[in-house]
Structure formats: structure tokens, C-alpha cells
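Survey of secondary and tertiary structure
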Amino acid sequence: MPGESACAGGHAQAAAPSSYELLSKLRGARADAPAAARAPVPFKEINHAHLHISGFDPRAAGGRQTLKMELRGMPAACAPHISMQLQSDLIPHGAARQEFVRATRGDWRPVFVEFSSRGKEHGQYQIQVEVLSQAEGKAAQKWVCTFVILVPRRDATLTEIHQIFLSTHKNVRVMADDASIARVSASAGAGFDLDVAARNAGIAHVDLTAPQGKIDMGFTTIAWDEELMEIDVPGASRAHPHPSRAACLVNAAPEAGAQRQIRLFALDECALGRFELVDPEADILLSHFGADGQDNNGLTRRLSGRHALIRRGNNGFEIEDVSRYGLLLDGVWPGKHKPTPLRLGMRIELSASIKGIVVLGVSAILPHGVILHRLDQGARAECFYLLAPDRHPGYPLPAFAAAPNAAALPLLFHHDGGFWHLDQLTGKETALSPAAPLDKLSRIAKHNRFAAEPYPESWIIHTGMGEPHSTVAPAALSTA
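Cut-off values and rules
Residues numbered from 1 in each chain as written. Predicted model: local features only at pLDDT ≥ 70, side-chain atom pairs only at ≥ 80, totals over all residues. Heavy atoms only, no water. Helix = DSSP H or I, 4+ residues; strand = E, 2+ residues; numbered from the N terminus. Buried < 20%, exposed > 50% of the residue type's maximum accessible area, 1.4 Å probe, protein only. Areas by Shrake-Rupley, 256 points an atom, 1.4 Å probe, with all protein chains shown as cover. Salt bridge = Lys/Arg side-chain N within 4 Å of Asp/Glu carboxyl O. Disulfide = S-S within 2.5 Å. Pairing = 2+ DSSP bridges. Axes fitted to C-alpha atoms, helices over the stretch in contact; angles between N-to-C directions. pLDDT = per-residue confidence, 0-100. Contact = heavy atoms within 4.5 Å. Core = buried A, V, L, I, M, F, W, Y, C linked by side-chain atoms within 4.5 Å.

Brief notes about the overall build of the chain
- In terms of helices and strands, the chain carries 3 helices and 33 strands.
- By the burial criterion, 40% of the 480 residues in the chain qualify as buried.
- Total accessible area on the chain is roughly 26,700 Å²; 52% of this is exposed by carbon and sulfur atoms.

What about the pattern of salt bridges?
- Per the stated rule, a full pass over the model turns up 16 salt bridges.
- Put simply, Arg301 and Glu276 hold a salt bridge, and the shortest N to O gap is 3.0 Å. Here the residue Arg301 occupies a position in the loop between strand S19 (293–295) and strand S20 (308–313), and Glu276 occupies one in the loop between strand S16 (269–274) and strand S17 (284–286), the gap between them amounting to 25 residues.
- Residue class for Glu276 comes out buried when judged on its relative accessible area of 14%.
- For Arg347, the salt bridge identified is with Glu349, shortest N-O distance 3.5 Å.
- Exposure remark for Arg347: the relative accessible area of 36% places this residue in the partly exposed category.

Examining the environment of Asp439
- Take Asp439: it is sitting in the loop between strand S30 (429–431) and strand S31 (448–451).
- Judged by relative accessible area, which is 54%, Asp439 ranks as exposed.
- Between the C-alpha atom of Asp439 and that of Arg449, which follows or precedes it by 10 residues, the distance is 8.9 Å.

Thoughts on the state of the cysteines
- Under the counting rule described, the total for this entry stands at 0 disulfides.
- Cysteine Cys248 is unpaired, with the sulfur of Cys383 as its nearest cysteine sulfur at 8.9 Å.

Side note on the sheet that holds strand S14 (residues 246–251)
- Spatial ordering of the open sheet is given by S22-S24-S25-S26-S27-S15-S14-S31, a layout of 8 strands whose pairing is mixed. In the strand order of this sheet, the two ends are held by strand S22 (327–329) and S31, each with one partner. Neighbour to neighbour, the strand axes of the sheet diverge by 20° on average, direction disregarded.
- Looking at chain direction, S22 and strand S24 (residues 347–350) are connected through 3 bridges and run antiparallel. Considered in S24, the bridge of Leu329 is made with Ile348.

Describing the confidence of the model for the chain
- Of all residues in the chain, 71% have pLDDT values of 70 or greater, and the mean over the chain is 80.
- Overall, residues 35–46 carries pLDDT values under 50, and its contacts beyond four positions in sequence, including any with other chains, amount to 12 contacts.
- Throughout residues 465–480 the model reports pLDDT below 50, and contacts reaching past four residues in sequence, or to other chains, amount to 18 contacts.

Observations regarding the nonpolar core
- In terms of nonpolar packing, the biggest core is built from 32 residues, with Ile284, Leu286, Leu342, Ile348 and Phe384 touching the most fellow members.
- Counting residues per element, this core draws most heavily on strand S25 (residues 358–366), which supplies 4 residues.
- Those residues in contact with Ile284, other than ones at most four positions away along the chain, are Phe265, Cys270, Ala271, Leu272, Gly273, Phe384, Leu386 and Tyr455.
- Grouped together as the second largest cluster of nonpolar side chains are 31 residues, Leu90, Val131, Val151 and Ile222 included.

With respect to unusual backbone geometry
- For the bond running from Leu350 to Ser351, omega is 10°, close enough to zero to count as cis.
- Relative to the helices and strands, Ser351 is located in the loop between S24 and S25.
- Its identity as a non-glycine residue notwithstanding, Asp390 has a phi of 50°, on the positive side.
- Inspection of the secondary structure puts Asp390 in the loop between strand S27 (382–387) and helix H3 (404–407).
- With a relative accessible area of 39%, Asp390 lands in the partly exposed category.
- If you check the backbone angles, His447 has positive phi at about 65° while not being a glycine.
- Locating His447 in the fold gives a position in the loop between S30 and S31.

Considerations on the sheet that holds strand S28 (residues 412–415)
- If you walk across this open sheet you meet the 3 strands as S28-S29-S30, and the pairing is antiparallel. Each of the sheet's edge strands pairs with one partner strand only, and the pair in question is S28 and S30. Taking the axes of each pair of neighbouring strands and ignoring which way they run, one obtains an average angle of 35° across the sheet.
- With 4 bridges joining them, S28 and strand S29 (residues 418–422) adopt antiparallel strand pairing. Note on S29: the bridge partner recorded for His414 is Phe419.

Some words on the environment of Ala436
- Among the secondary structure elements, Ala436 is positioned in the loop between S30 and S31.
- A relative accessible area of 15% means that Ala436 is categorised as buried.
- Placed 13 residues apart in sequence, Ala436 and Arg449 show a C-alpha to C-alpha distance of 8.5 Å.

Written as C-alpha cells, this is what we have:
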């Protein structure tokens with residue numbers, strides 16, 4: 001029996017320890033345990049690839065927004081520079097490109113994405129993100145995600161905005177009403193979206209224990225995490241069969257309203273200037289068209305060799321006057337060396353001193369380029385694609401504004417060193433080359449051929465000399 005000194009067989013029994021002795025022994029074992037054994041569990045970051053997005057302030061409806069984007073949980077074998085491409089109707093011109101740089105301590109320097117909701121319809125807008133890592137000697141890695149940004153009504157209250165946001169992002173919702181008490185206790189090792197409300201003398205208590213690490217608390221802005229999904233990418237970049245930075249589509253039998261030459265350029269900065277057969281200074285060579293057709297002399301000589309520059313700036317594609325004769329934008333001289341953003345329908349007149357020499361119109365503003373049509377007597381002769389080099393517009397293509405004459409043209413882009421055709425219905429991409437079956441491509445008329453030169457109808461001579469009018473031996477001449 002318990003408490004007896006001997007069993008029924010007469011064998012001696014050890015005395016059972018009292019409850020006081022058991023408690024004393026347990027306390028002594030705790031005191032002798034090493035400090036490391038009692039150390040709290042360290043805070044663990046989320047170890048999968050994700051974007052931490054913060055700084056979104058929905059109260060700035062109709063104004064400018066800046067999102068802070070932090071790259072977290074990336075594999076250690078990533079390249080030290082990771083590019084990020086964003087596409088959305090909120091972003092100017094539909095797309096933006098950023099670059100993450102790895103710091104010496106191993107994390108990634110955050111980037112900031114700016115946009116404005118001015119003039120935008122209230123509602124939800126998608127932002128598509130593509131993160132690409134291309135380390136030397138290793139296979140490329142790509143991650144994608146899509147998140148939604150709310151553009152609220154101008155009269156929406158902050159409470160309504162937070163309720164709408166949390167209705168799609170929350171994990172936990174706690175309400176305390178009519179003098180009730182609600183308690184939420186959780187470990188801070190994972191991410192939580194909490195919707196906590198206390199009304200009518202209710203009390204809501206939130207306890208996020210965090211032994212180590214830090215807790216980000218935001219009251220006026222909203223922050224959240226977006227998981228990045230890794231997708232397969234080709235092991236090697238596709239090779240273009242006919243790489244070039246300038247080319248032309250030549251229509252042997254243009255129909256009504258079509259141009260004989262569609263000239264293609266993929267340059268960081270494209271120069272417009274006077275047509276010259278020998279050592280031209282410009283990329284787009286312009287001539288005056290009169291009643292008798294093209295005239296490379298006469299009024300054409302009143303254009304500068306480098307009359308204007310078109311490049312992609314912070315506010316989209318812009319034009320800059322660098323000439324001695326000036327240019328007019330919608331009838332107004334913008335001033336020399338003052339870049340001006342291009343807009344749909346803008347009228348560009350070269351020059352300002354004599355009207356009617358060359359008149360161009362902006363017929364389309366693409367996410368990756370701009371299309372110019374002639375508005376003078378050379379309208380049937382040529383039009384121009386000015387594309388960002390090595391930039392894929394994405395599919396489906398973001399919405400863009402275009403005049404009817406540009407909307408009927410094929411969708412072209414420059415990538416992997418050459419020009420490509422993109423079918424807007426199927427997304428099929430076809431490399432443009434002299435051997436490409438152009439008659440089977442959408443929006444390309446019959447009797448078209450691809451030329452690897454922007455001016456195949458002219459024998460442009462490039463001597464390679466620094467002075468445009470240097471005298472050289474005939475053997476030193478080369479054609480392009």
C-alpha cells in the first residue's frame with residue numbers, strides 16, 4: 001500500500017518523495033539548465049521568394065503614389081543584379097523597369113515605383129510583375145506575380161478604404177461589440193493581416209509576441225506581401241535570324257492609304273535630319289515632297305543635318321530641337337535643347353522658318369515605341385516606327401492610343417537584336433527577315449518584303465570618316 005515501509009511479502013520499500021521534494025527538485029533542474037536552452041526561439045523570416053510592398057496610401061486618390069518594393073527570400077545563387085518589369089494601366093505608358101541590387105550584407109536594396117491616379121476611373125487595377133535573374137554561367141530564373149491596387153472614390157473615407165482592402169487581403173477578422181472583449185494572440189513568426197474593430201464600449205486586445213526581430217506597424221499606409229511564383233524560362237536566349245537596328249518593309253504595290261516604305265528604327269536616340277547620300281548625320285533622312293515627288297535639293301537643304309532628336313525619357317518619348325532652323329510642335333516653337341513629350345496627334349513641322357518642308361504627325365504612342373506618319377505630300381511614301389531597342393512589349397499588349405492609320409499597321413517590336421512581328425490575337429511572334437513569309441502575317445499586306453536597310457531604294461554611302469565631306473579614295477567607300 002502507498003506509505004507502507006514493506007510490501008505484503010515483507011520486502012523493504014523506499015520512501016516516496018513528498019510533493020515538496022518533487023517541486024524542489026524540479027526548480028533545481030530549471031536553475032541548472034544552460035542559458036542557451038532557455039533562449040527564446042529566434043524570429044524566422046519567410047524563406048520563400050516574395051515582394052514586400054509598402055507605402056500605399058489610398059487617401060491620395062487622384063494624386064501621386066509611391067510604392068516601396070522590397071525583394072525578400074530570394075535564392076542565394078541569384079545574380080547580384082535582378083531586373084523587375086511592371087505592366088499596368090496606372091503606370092505611365094503602361095510599363096516600367098526597375099533593378100534590384102544586392103547589398104554587402106546579403107539583402108536587396110529596395111526600389112520605388114511612382115504612378116498617378118489622376119484622371120483614372122475609380123476601381124481596382126492590376127499590376128503585373130516579372131522578376132528576372134540572369135547570372136553569368138547559370139540558367140536564367142524568372143518569377144512572376146500580379147497584385148491589385150485600389151483607386152478609391154474621391155469621397156471615400158479611410159475606414160471604407162481599409163475595409164475594402166482587408167476584404168481581399170485579411171486572414172483574421174476580430175470584432176468586439178456591446179461591451180464585449182476580444183483577444184487575439186499569435187506568434188509574430190508568420191505574416192498576418194488583421195481586421196480589428198471595437199465598438200460600443202467593446203475592447204479588442206491584440207498580442208503579437210516577438211522574442212526577437214522587429215514588427216512593422218503602419219497606421220496611414222498599407223503594406224502587404226506578394227508571393228513570387230517561379231516559372232520555366234528557356235535555357236538560352238533565342239537567336240534572331242537577321243539582327244539589325246534599322247530596317248524597312250517595302251510594299252511593291254501599295255493600296256489606297258498605304259505607304260510604300262515602313263521604316264523601322266530601334267535606337268536609344270533617333271536623329272531626324274536632312275537626306276544625304278554620302279555620310280548622313282541623321283538616322284531618319286527626310287526630304288521635301290512637292291507636286292513632282294521627292295526633291296532632295298531645294299527646300300530639303302533648309303533642314304539641318306541633325307534637326308531633332310527623339311528618345312525615351314522619364315515622361316515617355318520626347319522630341320528635342322537641335323537645329324539651326326527650328327521646328328514647330330502644334331505650331332509653337334518649343335525652344336532649342338528643350339525636350340518636349342510627344343502626344344498622340346502632335347503635329348511636327350520642320351522647319352520653323354519655312355513651313356511645309358516636312359510635316360510629321362504622331363499617330364500612335366506604344367508602350368515600347370512611337371509611330372510617325374507624314375502629313376504632307378509624302379504621306380503615301382513613308383511612315384516610321386521608332387522602337388525601344390531589345391524591349392518586348394508583353395502579351396497581352398497594354399492598351400494604347402492610336403490614330404486609324406496607325407491602328408491598321410502591324411504590331412512590331414525589337415528584341416534579341418532584331419525586329420519581330422506580334423500577332424495581337426494569338427500572341428505568336430515571328431522574326432522579320434528577308435526569308436520570312438510576310439504575306440501570312442497579320443496586318444501586313446501582300447507584295448511586302450523585308451529589307452535590312454532603312455533606305456533600300458537609295459545607295460547611301462558611309463565612308464567611315466569623321467568629317468561628313470571628306471575626300472576619300474573610291475576603294476575606301478562602303479555601302480549600307
